[in-house]
Amino acid sequence: MKDITKILVPFDLSTTSESALQYAVNFVNQDETMKILLTHISELSNDTSYVKKLENTVEKIKNDHPFFKGTIDWVIKSGNLIDNILDTQKEHQADLIIMGTKGSDEETTLTNTAKLVMEADCPVIAIPENTREFGLKKIALVLGKSEIDDATVLETLLDIARRFHSEVHVLTICNEDGTYGYSEIDEKNENTLEYYLENFYSHHTFQENADIEKGIFEYINDKEIDLLAILPRNHAKKNKPSEGRLTKLLTLHTEVPLLTID
């Protein structure tokens, strides 16, 4: 199992990116083995005053979190934002990307964070701009009716659950007629969840709702979930890949941190 040891945070001095960095710092906490790498995409990479402002902002966040024992480094690049983030993740072998998002009420909008989530081949946590408190006691993993495409990606969720002693709920929204929870695929998924999530796996809930997104957010609010997790199907290998519409909508509309495990 590969533990999370390096976190990549796109950072542009905005309040959105500061929320992402704050989350990453809390995630690392006192783990001295973990590193945070900030990637800053700017045409001002040679502007010393701009670089100094970046340094001061990072230093202030570190001072605000005296318990933080990890390290923070950064790279400054120019060019396309998403391409640079993905290239930096591969170049530095980051295990997780944490990126801030303002979200959008427009379903046709594709924000930078939504685009990153759709294209990344690694776990990404999207942090809503209004995220203030850090918590990882309750995680909700959303599953559909299909068999889990690549069960090994659940190791990322297990690493997080172990790190924070999290309780993992599994949620399936039933939006069409059929039998849920008793099929051969359901049984396979259940065995996979029990194996990969160990004793952190709490229970699997099946709820009826014609609107999957609405059902998910109602569950989150009702159960006071700290982190929503999904397994995007747009990169599925065994099952038929989807267009990723639900992944996009959840990234645009979520009010709690969203983990996409790919």
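Counting restarts for each chain: residues are numbered from 1 in the order of the written sequence. Given that the model is predicted, a residue must reach a pLDDT of at least 70 before its local features are reported, and side-chain atom pairs must reach 80 or more before they are shown or counted; all residues, however, enter totals for whole chains, interfaces and linings. Note that water and hydrogens are dropped before the side-chain values are worked out from all heavy atoms of the structure.

Q: Can you break down the pairing of strand 6 (residues 138–142) residue by residue, with the values?
A: Strand 6 sits mainly inside the fold: four of its five residues count as buried. When DSSP locates at least two bridges between a pair of strands, those strands are taken to pair. Strands are runs of DSSP state E lasting at least 2 residues, helices are runs of H or I lasting at least 4, and numbering of each runs from the N terminus. Where strand 6 meets strand 7 (residues 167–174), five bridges bridge the pair, whose relative direction is parallel. Paired with Val142 across the strands is Leu171, a residue of strand 7. A crossover counts as right-handed when, viewed with the strands pointing away from the observer, the path leading from the first strand over the helix to the second turns clockwise. Read as a crossover between parallel neighbours, the route from strand 6 over helix 5 (residues 154–164) to strand 7 is right-handed. The buried label applies to any residue whose accessible area, calculated with a 1.4 Å probe on protein chains only, is under 20% of its type's maximum; exposed applies above 50%, and partly exposed to all values in between.

Q: Tell me about the sheet that holds strand 3 (residues 71–77), residues and numbers included.
A: Within the open sheet, the ten strands sit side by side as 3-2-1-4-5-10-9-6-7-8. Their pairing is mixed. Because the sheet does not close on itself, it has two edges, and the strands there are strand 3 and strand 8 (201–208). Sheet twist, expressed as the average angle between the axes of neighbouring strands with direction ignored, equals 25 degrees. As judged from the seven bridges shared by strand 2 (residues 35–41) and strand 3, these two strands associate in the parallel manner. From the neighbouring strand, Lys35 faces strand 3, where its bridge partner is Thr71. Where helix 4 (residues 112–119) meets the sheet, its contacts fall on strand 4 (96–101), strand 5 (124–128) and strand 10 (258–260), and the angle it forms with strand 4 comes to roughly 155 degrees. Against the sheet, helix 6 (residues 184–197) touches strand 6, strand 7 and strand 8, its axis set at about 145 degrees to strand 8. A fitted line through C-alpha atoms serves as each axis, taken over the contacting stretch for helices, and the angle formed by two N-to-C directions is quoted from 0 to 180°. Two residues qualify as a contact provided that any one of their heavy atoms is within 4.5 Å of a heavy atom in the partner residue.

Q: Can you break down the side chain of Ser19 residue by residue, with the values?
A: Mapped onto the secondary structure, Ser19 falls in helix 1 (residues 15–28). Ignoring sequence-local partners within four residues, the contact set of Ser19 consists of Ile127, Pro128, Glu129, Thr131 and Arg132.

Q: Please give an account of the pattern of salt bridges that cites residues and values.
A: Pairs can form between side chains of opposite charge once their charged atoms are near each other. Any carboxyl oxygen of Asp or Glu within 4 Å of a side-chain nitrogen of Lys or Arg constitutes a salt bridge here. Tallied over the full model, the rule gives eight salt bridges. Taking the shortest distance from any N to any O, the salt bridge between Asp31 and Arg163 comes out at 2.9 Å. Taken as a pair, Asp31 in the loop between helix 1 and strand 2 and Arg163 in helix 5 lie far apart in primary sequence, 132 residues in all. Residues Lys188 and Glu184 are paired through a salt bridge, measuring 3.9 Å at the closest nitrogen-oxygen approach. Here Lys188 and its partner Glu184 are both found in helix 6, four residues apart, which amounts to about one turn of the helix. The exposure class assigned to Lys188 is partly exposed, which follows from its relative accessible area of 38%. When its relative accessible area of 60% is taken as the criterion, Glu184 is described as exposed.

Q: Which residues make up the packing of aromatic side chains, and what are the values?
A: In this description, a pair of aromatic rings is defined by centroid distance and the angle of the planes. We call Phe, Tyr and Trp rings a pair once their centres come within 6.5 Å, taking the six-membered ring for Trp, and we label the pair stacked below 30 degrees between planes, edge-to-face above 60, and tilted otherwise. The tally for this structure, following the rule as stated, stands at four aromatic pairs. Taking 5.0 Å as the distance between ring centres and 80 degrees as the angle between the ring planes, the aromatic pair formed by Tyr195 and Tyr196 counts as edge-to-face. A relative accessible area of 18% places Tyr196 in the buried class.

Q: Report on the nonpolar core, specifying residues and quantitative values.
A: Residues belong to one nonpolar core when they are buried, are Ala, Val, Leu, Ile, Met, Phe, Trp, Tyr or Cys, and are joined through side-chain atoms within 4.5 Å. Counting residues in hydrophobic clusters, the biggest one holds 50 residues, and the most contacted among them are Ile7, Phe27, Ile36, Ile98 and Leu141. Per-element tally for this core: the top contributor is helix 1, with seven residues. Setting aside residues no more than four positions away along its own chain, Ile36 makes contact with Ile7, Val9, Leu21, Ala24, Val25, Val28, Phe68, Thr71, Ile72 and Asp73. Membership of the second largest hydrophobic core comes to 15 residues, among which are Ala140, Leu228, Val256 and Leu258.

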